Structures are given as C-alpha cells and as structure tokens.
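# Coordinate analysis (summary)
Spelled out from the first residue to the last, the chains are:
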Amino acid sequence: MTPAPLISAIIPTHNPHRGRLRRTLLALRAQTLAPAQFEVILVNNASTEIPGADFFADCAPQNFTLVDEPFLGLTATRRRGLGTARGDAVVLVDDDNVLAADYLERVLAIFSRHPRVGAAGGRSVPEFERAPIEWEREFLPLLALRDLGS
C-alpha cells in the first residue's frame, strides 16, 4: 500500500480552458516537494468537454487523479475533492492558478511551525489577457486578486 501524501491539491473544473489548465498542472508537476508527498485531484464538475488522457499525460503530475462530480457547483465539487483527498493538509487551487514552485512545500512548513492554524492564504496576483480599465480595478480585491506580500 502506498503511504498517504502529506498534502492534497484539489482543483475544481467545469469546461476548463485547456491552456490555463495545462499551466496549472505543469506548475504542480514542477513543485519542489517530492511527488510522493503530494497528490493532485482534478474534480470534473459536470463538464460537457474535458481533456483526454493524452492531454493529462503531457502535463499532469505523476500523482494525479481525475474524479467526477455530476452536481454542478463549486461547493459540491470541493466536497468531492475533500472526500477523495488523502493528505493531512489540503490546498484549494483554481483551474487557472499557477502556483510558485515551492508553494506546497511552504504550506507544509507553515502548518508544521503553527500546528494550531487551520487555514492560510497567500498571494493572488492576477495575470490579465488585457489590462483592466480604470473602473474595473476597484473591484479586483472582491475577486481575491491582491498581493498581500510574503
């Protein structure tokens, strides 16, 4: 039996943009944490189109699992991921997030140093397809697009 990973990354997705999802998975593949210490769970949330095995073979980490959640919605999808996760810690990752290479390692270090902490957050620095116009900028913090520093 394979030992349980220390941390699980859960990615909910509904009809994902292949380019963005690929970047997300490649960033998880490039983590500095040893692959045996983490798992990646992609939860397909009632997608009408999900990439095939060739796509995932090209970009997904070796510790990758695809599960289905037929009930549409982020809460149901995250619950399915949490029910599947085997790690002691969980990181919720959107299907367009590109994590820093040491992200999972740092999460484990934070929880190790602070065992009473139950939840933590990090930087959420946006990357735009086009620069936001002035009136849109005031709403970015409402979308959790902010840099709170290290």
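Scope of this entry: the structure provided in the associated data block. For clarity, every value in this text was computed on a predicted model and none was experimentally measured.

## A look at the overall build of the chain
Per the secondary structure count, the chain includes five helices and four strands. Reading the helices (α) and strands (β) of the chain from amino to carboxyl end gives β-α-β-α-β-α-β-α-α. The C-alpha atoms of the chain give 16 Å as radius of gyration, which agrees with the globular expectation for 150 residues (15 Å, within 12%). Principal-axis analysis of the C-alpha atoms places the extent of the chain at approximately 55 × 40 × 30 Å. Here the chain holds 150 residues, and 34% of them are scored as buried. Intrachain contacts of the chain at a sequence separation of at least 6 include 76% that bridge at least 24 residues. Summing over all exposed atoms, the chain offers an accessible surface of approximately 9600 Å²; the carbon and sulfur share of this is 54%. The averaged location of the 18 negative side-chain charges in the chain is 4 Å from the averaged location of its 16 positive side-chain charges.

## A word on the sheet that holds strand β3 (residues 64-69)
Reading across from one edge, β3-β2-β1-β4 is the order of the four strands in this open sheet, with parallel pairing throughout. The open sheet has two free edges, formed respectively by β3 and β4 (89-92), since each of these has just one partner strand. Across the sheet, the axes of successive neighbouring strands diverge by a mean angle of 25°, strand direction being ignored. The pairing of strand β2 (residues 38-45) with β3 spans six bridges and is parallel. Bridged to I41 within β3 is T65.

## Section: the pattern of salt bridges
On inspection of all chains with the given rule, the structure shows nine salt bridges. Measuring nitrogen to oxygen at the nearest pair gives 3.5 Å for the salt bridge that ties R18 to E49. A residue pair is termed long-range when its members are at least 10 positions apart, and R18 in helix α1 (residues 18-29) and E49 in the loop between β2 and α2 (53-59) qualify at 31 residues. For R18, a relative accessible area of 38% puts it in the partly exposed group.

## What to know about unusual backbone geometry
Positive phi values are uncommon outside glycine, yet N15 reaches one of about 45°. With respect to the helices, strands and loops of the structure, N15 is situated in the loop between β1 (7-13) and α1. Given a relative accessible area of 33%, N15 falls into the partly exposed group. With a phi close to 55°, A46 is a non-glycine residue in the positive phi region. Relative to the assigned elements, A46 resides in the loop between β2 and α2.

## Quick word on the packing of aromatic side chains
Tallying each qualifying case throughout the model produces three aromatic pairs. Geometrically, the ring pair formed by F55 and F56 is edge-to-face, given 5.2 Å between the ring centres and 85° between the ring planes. Of the two residues examined, F55 and F56, each falls in the buried class. Through a chain of ring-to-ring contacts, the aromatic side chains of F55, F56 and F64 assemble into a single cluster. The ring of F55 carries the charged tip of R18 above its face, separated from the ring centre by 5.9 Å.

Conventions used here
- Residues numbered from 1 in each chain as written.
- Predicted model: local features only at pLDDT ≥ 70, side-chain atom pairs only at ≥ 80, totals over all residues.
- Heavy atoms only, no water.
- Helix = DSSP H or I, 4+ residues; strand = E, 2+ residues; numbered from the N terminus.
- Rg over C-alpha atoms; globule rule 2.2 N^0.38 Å.
- Buried < 20%, exposed > 50% of the residue type's maximum accessible area, 1.4 Å probe, protein only.
- Contact = heavy atoms within 4.5 Å.
- Areas by Shrake-Rupley, 256 points an atom, 1.4 Å probe, with all protein chains shown as cover.
- Lys, Arg positive; Asp, Glu negative; His and termini not counted.
- Charge placed at Lys NZ, Arg CZ, Asp CG, Glu CD.
- Pairing = 2+ DSSP bridges.
- Axes fitted to C-alpha atoms, helices over the stretch in contact; angles between N-to-C directions.
- Salt bridge = Lys/Arg side-chain N within 4 Å of Asp/Glu carboxyl O.
- Phe/Tyr/Trp six-rings, centres within 6.5 Å; stacked < 30°, edge-to-face > 60°.
- Lys NZ or Arg CZ within 6 Å of the ring centre and 35° of its normal.

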